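Residues per chain, in single letters:
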Amino acid sequence: MAGKPGGNSGWHSETTAVHAGEFVDPATRASSPNLVMSVTFAPEEVTGFSARDEQGYEGFVYGRVSSPTVAQLQAKLAALEGAEAALCFGSGVAAAHAVICGRLGRGDHLIVPDANYVGIAELARDTLPRFGIEVSFVDVSRPEEVAAAIRPNTRMLWLETPANPTMKLCDIAELARLAHDRGVRDVAVDSTYATPIATQPLTLGADFVVHSLTKYIGGHGDAMGGAVIGRKAELDALNLEATVHFGGVLSPFNAWLILRGAATLPIRMRAHEEAALKVAQFLEDHPAVSRVFYPGLPSHPQHELAKRQMRNFSGMMTFQTKRPGPEVAARMVKELEIIHYAVSLGHHRSLIYWIGTNDIQASTFRHDAEQLRRYRDYAGDGVFRLSVGIENAADLIADLSRVL
Ligand SMILES: *Cc1c(COP(=O)(O)O)cnc(C)c1O
């Protein structure tokens, strides 16, 4: 495959985001990436029929194994994370499922955070145990609790930082060292909130990075996708099982949209951070707001870790209001003019959503009393999750002022 090799382009992130994985099409001299929708490819000689026969084959055979536009996105993502390889999936959750179920089996033990992205938390709580995978829910902001949870059969430590929805961070370098020293084979980091512009978990010792491409990397709210990024040998094995047999592949059209979005990731992240910092400061000073969690504010309990681990504080924050959240949310639905009251995040357009603690506790998390107490330290009775877009901060502040 033509295109810049992942991870060692030697370029700065702005240049990598534009050029890595892309190339001038030799047949047409097209400068922008081709959208290749074909699901089958005519080989130049007779090959085998199983995907196993295609291992090591450089060309394309069938769209569930690999396809050209998706391959270009994969090369770009690998380069952005400083990795050897990337594998794309139809959503972030499909990517998470692929790496967890592709790497673990019956009798293996998985450690996941006691609060993380709902879809993955529910997969861990409800689905994985049905297939014989043991799961522990641990406060990963406390390394000593992670150490205590590790068992002889612990095969994967799953991290997410900053975590959705709490904005709690964890120390990737410290936890990766701790886990590997104790024989845990895989450390996987859901880095959707941070993006490779803020944090490159593989350089901190993680084995896999997982992204929801639906969020910042695609960046425009019009394409779902996910990726697992890491070492080539492990991703080749995952390709064979997790894409070919689980089947949750990314559509070439979505890959093409996400390629276009990813080209502006570095400049968008600067804009997200700049606007988010102003909005966070406004909220922190607002009399109707009781608490703001933004890693870029000195008031964030892990601001020091954020400064060490994040080159960009991203656009995600939570805040709590003095008036009951559902009441404020009802006003937001009706009266916000710019910010959309809607789920999802990381889009160019600002999004806000109320996440009630009792609701999410009932639907998603398996907290003991102490974990619930710690969740409430960050989330109280609930939080507004605000994804600050790339609009002008003054306009966003005016919009929020109206409803607070
Ligand atoms: C949205 C999200 C996911 C899931 O991604 P989808 O593309 O919606 O499947 C995973 N992790 C985090 C942190 C997310 O915000």
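Residues numbered from 1 in each chain as written. Predicted model: local features only at pLDDT ≥ 70, side-chain atom pairs only at ≥ 80, totals over all residues. Heavy atoms only, no water.

**A look at a nonpolar patch on the surface**
Part 1 of the reasoning: Among the surface-exposed residues, L35, M37 and F253 lie close enough to one another that they form a single nonpolar patch of about 260 Å² accessible area.
Part 2 of the reasoning: With respect to the helices and strands, M37 occurs in the loop between α1 (13-19) and α2 (68-81).
Part 3 of the reasoning: A relative accessible area of 46% means that M37 is categorised as partly exposed. (Patch = residues over 30% accessible without salt bridge, like charges linked within 9 Å, V, L, I, M, F, W, Y side chains within 5 Å. Areas by Shrake-Rupley, 256 points an atom, 1.4 Å probe, with all protein chains shown as cover. Salt bridge = Lys/Arg side-chain N within 4 Å of Asp/Glu carboxyl O. Helix = DSSP H or I, 4+ residues; strand = E, 2+ residues; numbered from the N terminus. Buried < 20%, exposed > 50% of the residue type's maximum accessible area, 1.4 Å probe, protein only.)

**Quick notes on the layout of surface pockets**
Part 1 of the reasoning: A volume near 500 Å³ is recorded for the second largest pocket.
Part 2 of the reasoning: The wall of the second largest pocket is formed by 29 residues, among which Y117, V118, N164, K215 and R385 lie closest to the centre.
Part 3 of the reasoning: Per-element accounting of the lining of the second largest pocket gives the leading share, 4 residues, to strand β11 (residues 351-356).
Part 4 of the reasoning: Classifying every residue of the lining of the second largest pocket gives 15 nonpolar, 9 polar and 5 charged.
Part 5 of the reasoning: Mapped onto the domain boundaries, the lining of the second largest pocket takes at least three residues apiece from domain 1 (13-263) and domain 2 (265-403). (1 Å grid on protein atoms, 1.4 Å probe; cavity = no way out; pocket = protein on both sides within 12 Å on 5 of 7 lines; lining within 4 Å. Points joined across faces, edges and corners; volume = space filled by probe spheres on them. Nonpolar A, V, L, I, M, F, W, Y, C, P; charged D, E, K, R; others polar. Domains from an automatic or database assignment.)

**Structural notes on the domain arrangement of the protein chain**
Part 1 of the reasoning: Looking at the assigned domains, one finds that the protein chain contains domain 1 (13-263) and domain 2 (265-403).
Part 2 of the reasoning: Taking only C-alpha atoms into account, the centre of domain 1 sits 26 Å from that of domain 2.
Part 3 of the reasoning: Counting from both sides, the interface comprises 49 residues of domain 1 and, opposite them, 44 residues of domain 2.
Part 4 of the reasoning: Summed over both sides, the interface between domain 1 and domain 2 buries roughly 3,800 Å², with carbon and sulfur atoms accounting for 56% of that surface.
Part 5 of the reasoning: Per-residue buried area on domain 1 facing domain 2 is highest for R125, M167 and Y216; these three make up 20% of the total on that side.
Part 6 of the reasoning: Of the charged contacts, one joins R308 and D171 as a salt bridge, the two residues approaching to 3.2 Å between their closest N and O atoms.
Part 7 of the reasoning: Our count for the domain 1 to domain 2 interface comes out at 26 residue pairs in polar contact (both at pLDDT 80 or more).
Part 8 of the reasoning: Counting only elements with at least two residues in the side of domain 1 that touches domain 2, the list comes to α1, α4 (118-127), β3 (134-138), α6 (172-181), α7 (195-198) and α9 (252-262). (Contact = heavy atoms within 4.5 Å. Buried area = accessible area lost by both parts, 1.4 Å probe. Polar contact = N/O pair within 3.5 Å; in protein donor to acceptor, adjacent residues only side chain to side chain.)

**Some remarks on the site of the ligand**
Part 1 of the reasoning: Around the ligand, 15 residues are found, and the nearest of them are G92, D190, S212, T214 and K215.
Part 2 of the reasoning: With respect to the ligand, the backbone of V93 contributes an N or O atom lying 2.9 Å from an oxygen atom.
Part 3 of the reasoning: Relative to its free-state accessible area of 380 Å², the ligand is covered by the protein chains to the extent of 94%.
Part 4 of the reasoning: In this structure the site holding the ligand corresponds to the second largest pocket.
Part 5 of the reasoning: Considered class by class, the residues forming the shell around the ligand number 5 nonpolar, 7 polar and 3 charged. (Near = heavy atom within 4 Å. Sits in = over half its atoms within 2 Å of the grid points.)

**Regarding empty space enclosed by the protein**
Part 1 of the reasoning: Under the defined criterion, the tally for this structure stands at 2 cavities of 30 Å³ or more.
Part 2 of the reasoning: Volume-wise, the largest cavity comes out at about 80 Å³.
Part 3 of the reasoning: For the largest cavity, the full set of lining residues is P113, D114, A115, D139, V140, S141, E160, A163, T166, K168, L169 and C170.
Part 4 of the reasoning: Here the residues of the lining of the largest cavity sort into 6 nonpolar, 2 polar and 4 charged.
Part 5 of the reasoning: Empty space within the second largest cavity amounts to approximately 50 Å³.

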